[in-house]
Amino acid sequence: MSLLDIRIVPDPVLREICAPVTLIDAAVKRRAEDMLETMYDAPGIGLAAPQVGITERMLVVDVAGEGEKKKPYCLINPEIIWKSDTLSVYKEGCLSIPEQYAEVTRPAEIKVRFETPVGTTEELHATGLLSTCIQHEMDHLNGVLFIDYLSRVKRDMILRKLARLVREHEG
Ligand SMILES: [Zn+2]
């Protein structure tokens, strides 16, 4: 297993529409393991393939709290097949937009169908943080970031702060 390089805004790969995974083979399985390792190391609760420069429709999530048993999911070619009318608001962050957070409103519950690294097709009824996290990661597969849900003023403020942070880090 190896740690992958996390891409930061404004890396153009974060705006690409990802292609479906057509063959679930050993390489895909290995990639899922690398993505999980990279996510835990960051640390984060979700990571989508384009965030590590891979424009394929797969993502990993694990919203288990500190001290709780790990509960990783790897979703390949995920599709939302149902979403609740009820909405929920979470303060979201993103490994590609480090140290910036903002409230985003999304459907509170979803049902998602996906393939797994062992080639099975599964459905998951996600609620709470898991639901938000999966929706956030699925957005990445379509080049959408959580800052796209914010007003222009808020988005520009976050981008300015991020640019300053990156400059300081490089300097
Ligand atoms: Zn993200």
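As a starting point, this report considers the structure included with it. (Residues numbered from 1 in each chain as written. Predicted model: local features only at pLDDT ≥ 70, side-chain atom pairs only at ≥ 80, totals over all residues. Heavy atoms only, no water.)

### Topic: the overall build of the protein chain
Our working definition: Counting from the N terminus, the helices are DSSP H or I runs at least four residues long and the strands are E runs at least two residues long. As defined in this context, the radius of gyration uses C-alpha atoms, and a globule is described by 2.2 Å times the residue total to the power 0.38. The cut-offs for exposure are 20% and 50% of the maximum accessible area for each residue type, with area from a 1.4 Å probe on protein chains only; residues under the lower value are buried, those over the upper are exposed, and the others partly exposed. The contact criterion used is simple: two residues touch if any of their non-hydrogen atoms lie within 4.5 Å. Residue-level accessible areas treat just the shown protein chains as cover; the underlying method is Shrake-Rupley with a 1.4 Å probe. As used throughout, the charge tally considers Lys and Arg to be positive and Asp and Glu to be negative, leaving His and the chain termini uncounted. Where a charge lies is defined by one atom per residue type, namely NZ (Lys), CZ (Arg), CG (Asp) and CD (Glu).
A tally of helices and strands in the protein chain yields three helices and seven strands. For the protein chain, the N- to C-terminal ordering of α and β elements is α-β-β-β-β-β-β-β-α-α. The globule rule puts the C-alpha radius of gyration for 171 residues at 16 Å, and the 16 Å found for the protein chain is close to it. Taken along the three principal axes of its C-alpha coordinates, the protein chain extends 45 × 40 × 35 Å. Across the 171 residues that make up the protein chain, the buried fraction comes to 41%. Across the protein chain, the fraction of contacts at a sequence separation of at least 24, relative to all contacts at a separation of at least 6, is 64%. With an accessible surface of roughly 9500 Å², the protein chain has 51% of that area assigned to carbon and sulfur atoms. Taking the average place of the 21 positive charges on the side chains of the protein chain and the average place of its 27 negative ones, the gap between the two points comes to 5 Å.

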